[in-house]
Structures are given as C-alpha cells and as structure tokens.
Amino acid sequence: MAETEIRVDPFPDAAALDRLWRAAWQAEGPADPQAILSRSLVHLGAYADDVLVGFVNVAWDGGVHAFLLDPTVHPDHRRTGLGTRLVRRAAELAAERGASWLHVDFEPHLAAFYHGCGFRPTEAGLMRLQPG
Ligand SMILES: CC(C)(COP(=O)(O)OP(=O)(O)OC[C@H]1O[C@@H](n2cnc3c(N)ncnc32)[C@H](O)[C@@H]1OP(=O)(O)O)[C@@H](O)C(=O)NCCC(=O)NCCS
C-alpha cells in the first residue's frame with residue numbers, strides 16, 4: 001500500500017471529499033466544503049498517491065474551544081494508525097493556533113479509538129436542530 005502523506009489545510013474539493021465520504025460513511029460528501037473549511041481552525045488531509053484517503057477538521061469558537069469533526073479514514077487504510085495520526089496532529093496544530101480545549105462526541109464503540117488519541121471521558125450533550 002502507498003505511503004500516506006498528511007497535508008495541513010489542503011482544502012480538498014467537493015469531488016475528493018465526496019469520494020471519501022461515500023467509501024467511509026456510505027453518504028454524500030459536503031456539498032460546499034469551502035463554506036465549512038472557511039470556519040476551520042485547522043484541517044488535515046491524508047493522501048496516498050495524491051488520492052484523499054483520510055480527513056479531519058477542527059472548528060473553532062475563536063476563543064479557547066475547538067471541536068473535532070469528521071475524522072474519516074478510507075476503509076482500505078483503516079487500522080494502520082492513520083486515524084490516530086490525523087487526530088493527534090490536528091490537536092497539536094489546534095493548540096499551536098490558540099485553542100486550549102478540544103471537544104469531540106462519538107458513538108460508544110469508538111471510545112478506545114478516542115482514548116488512544118488522547119481524549120479523556122466527560123459528560124457531553126448533543127441536540128438535533130434540523131431534521132435529516
Ligand atoms: C474511526 C476511524 C477514523 C478510525 O480510523 P483508523 O485509521 O482505522 O484508526 P486507527 O488505526 O488509528 O485505530 C487505532 C485504534 O483505535 C481503535 N479503533 C479504531 N477503529 C475502531 C472501530 N471501528 N471500532 C473499535 N475500535 C476502533 C482500535 O483500538 C485501534 O487499534 P488496533 O487497530 O490496534 O485495534 C475510521 O474507522 C473511520 O473513518 N470510520 C468511519 C467514520 C467515523 O465513524 N468517524 C468517527 C466519527 S466520531
């Protein structure tokens with residue numbers, strides 16, 4: 001398998017994200033990634049032979065809080081440590097860029113993954129604001 005290269009703020013286009021989303025989430029990718037990434041503190045792309053195979057985004061409140069969103073690894077590249085590398089590097093860069101706290105929410109089966117990335121457990125809440 002090709003060596004993966006992690007790029008900082010690569011601004012992948014909608015087609016590249018859509019290919020990754022369909023493989024990883026069985027869903028369409030974001031329709032307007034530039035609108036999302038314009039609010040990003042940092043995002044990372046993992047590339048194998050110039051193809052996007054991993055992604056993570058950190059959104060920011062402009063103060064001390066940052067939010068880890070959409071960590072994604074293509075199924076062909078999972079369980080090789082790539083997801084952990086992406087999240088840990090995103091956390092380092094978020095700290096360098098001024099955030100003090102990194103938040104994440106996830107389903108219970110991913111607790112070990114996030115623990116391995118350096119997160120500690122906390123109570124959290126989530127509210128659906130729109131259908132779909
Ligand atoms: C979650 C995800 C990003 C993990 O990526 P990855 O590159 O496979 O993760 P890593 O190789 O760094 O995993 C490190 C460890 O985390 C744990 N882990 C990773 N994926 C796991 C899973 N699906 N279920 C349970 N534990 C998991 C394992 O302990 C793993 O170590 P091991 O392979 O030695 O057993 C990837 O499975 C993915 O894209 N899933 C679909 C999208 C998604 O659900 N994203 C998270 C949204 S909150």
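Located above this text is the structure these notes cover.
Since we're looking at a predicted model, the values are computed, not measured. (Residues numbered from 1 in each chain as written. Predicted model: local features only at pLDDT ≥ 70, side-chain atom pairs only at ≥ 80, totals over all residues. Heavy atoms only, no water.)

Engineer: Even after reading the chapter, I still don't get the overall build of the protein, so can you show me in this structure?
Structural biologist: Counting its regular elements, the protein contains four helices and five strands. Taken from N to C terminus, the helices and strands of the protein fall in the order β-α-α-β-β-β-α-β-α. For the C-alpha atoms alone, the extent of the protein along its principal axes is close to 35 × 30 × 30 Å. By residue count, 34% of the 132 residues in the protein fall in the buried class. At a minimum sequence separation of 6, the contacts of the protein that also span at least 24 residues come to 60%. Of the roughly 8,500 Å² that the protein leaves accessible, carbon and sulfur atoms contribute 53%. Here the protein holds 12 positive side-chain charges and 17 negative ones, and the gap between their average locations is 3 Å. (Helix = DSSP H or I, 4+ residues; strand = E, 2+ residues; numbered from the N terminus. Buried < 20%, exposed > 50% of the residue type's maximum accessible area, 1.4 Å probe, protein only. Contact = heavy atoms within 4.5 Å. Areas by Shrake-Rupley, 256 points an atom, 1.4 Å probe, with all protein chains shown as cover. Lys, Arg positive; Asp, Glu negative; His and termini not counted. Charge placed at Lys NZ, Arg CZ, Asp CG, Glu CD.)

Engineer: Teacher, can you tell me more about the site of the ligand here?
Structural biologist: Around the ligand there are 18 residues in total, and Val73, Arg79, Gly81, Gly83 and Thr84 lie nearest to it. Arg79 has a polar backbone atom sitting 2.8 Å from an oxygen atom of the ligand. Between the ligand and Gly83 there is a distance of 2.8 Å, counted from an oxygen atom to a backbone nitrogen or oxygen. Expressed as a share of its isolated accessible area of 900 Å², the protein-covered part of the ligand is 71%. Looking at the shell around the ligand, the elements with two or more residues in it are α1 (14-25), β4 (65-73), α3 (82-96) and α4 (111-117). (Near = heavy atom within 4 Å. Polar contact = N/O pair within 3.5 Å; in protein donor to acceptor, adjacent residues only side chain to side chain.)

Engineer: Explanation requested: the nonpolar core in the structure shown.
Structural biologist: As a rule of thumb, soluble globular proteins bury nonpolar side chains together. Ranked by internal contacts, the top residues of the largest apolar core, which has 22 residues, are Leu44, Val58, Leu68, Leu86 and Phe119. Mapped by element, the contributors of at least two residues to this core are β2 (40-48), β3 (51-60), β4, α3 and α4. Top contributing element to this core by residue count: α3, with six residues. Excluding anything up to four places from it in sequence, Leu86 contacts Ile6, Leu44, Gly45, Ala46, Gly54, Phe55, Val56, Thr72 and Val73. Of all hydrophobic cores here, the second largest spans eight residues; its members include Ala16, Trp21, Leu37 and Tyr47. (Core = buried A, V, L, I, M, F, W, Y, C linked by side-chain atoms within 4.5 Å.)

Engineer: How should I be thinking about the sheet that holds β3 in this particular structure?
Structural biologist: Two modes of strand pairing occur in sheets, parallel and antiparallel, and in both the strands are linked by backbone hydrogen bonds. If you trace the five strands from one edge of the open sheet to the other, you get β1-β2-β3-β4-β5, paired in mixed fashion. Edge positions in the sheet fall to β1 (4-8) and β5 (101-103), since each has one partner strand and no second. Within this sheet the neighbouring strands show an average axis-to-axis angle of 25°, counted without direction. Both β1 and β2 contribute to a ladder of five bridges, which runs antiparallel. In the strand pairing of β2, Arg7 is matched with Gly45. The strands touched by α1 are β3 and β4; relative to β4, the strand with the most contacts, the crossing angle is about 75°. Docked against the sheet, α3 engages β1, β2, β3, β4 and β5, running at close to 150° with respect to β2. (Pairing = 2+ DSSP bridges. Axes fitted to C-alpha atoms, helices over the stretch in contact; angles between N-to-C directions.)

Engineer: What exactly am I supposed to notice about unusual backbone geometry here?
Structural biologist: Generally, phi is negative for residues other than glycine and the peptide bonds are trans, each holding for most cases. Located in the positive-phi region is Asp9, a residue other than glycine, with phi close to 50°. When you line up the elements, Asp9 lands in the loop between β1 and α1. Positive phi, normally seen in glycine, also occurs at Gln26, with a value near 50°. Along the chain, Gln26 falls in the loop between α1 and α2 (33-37).

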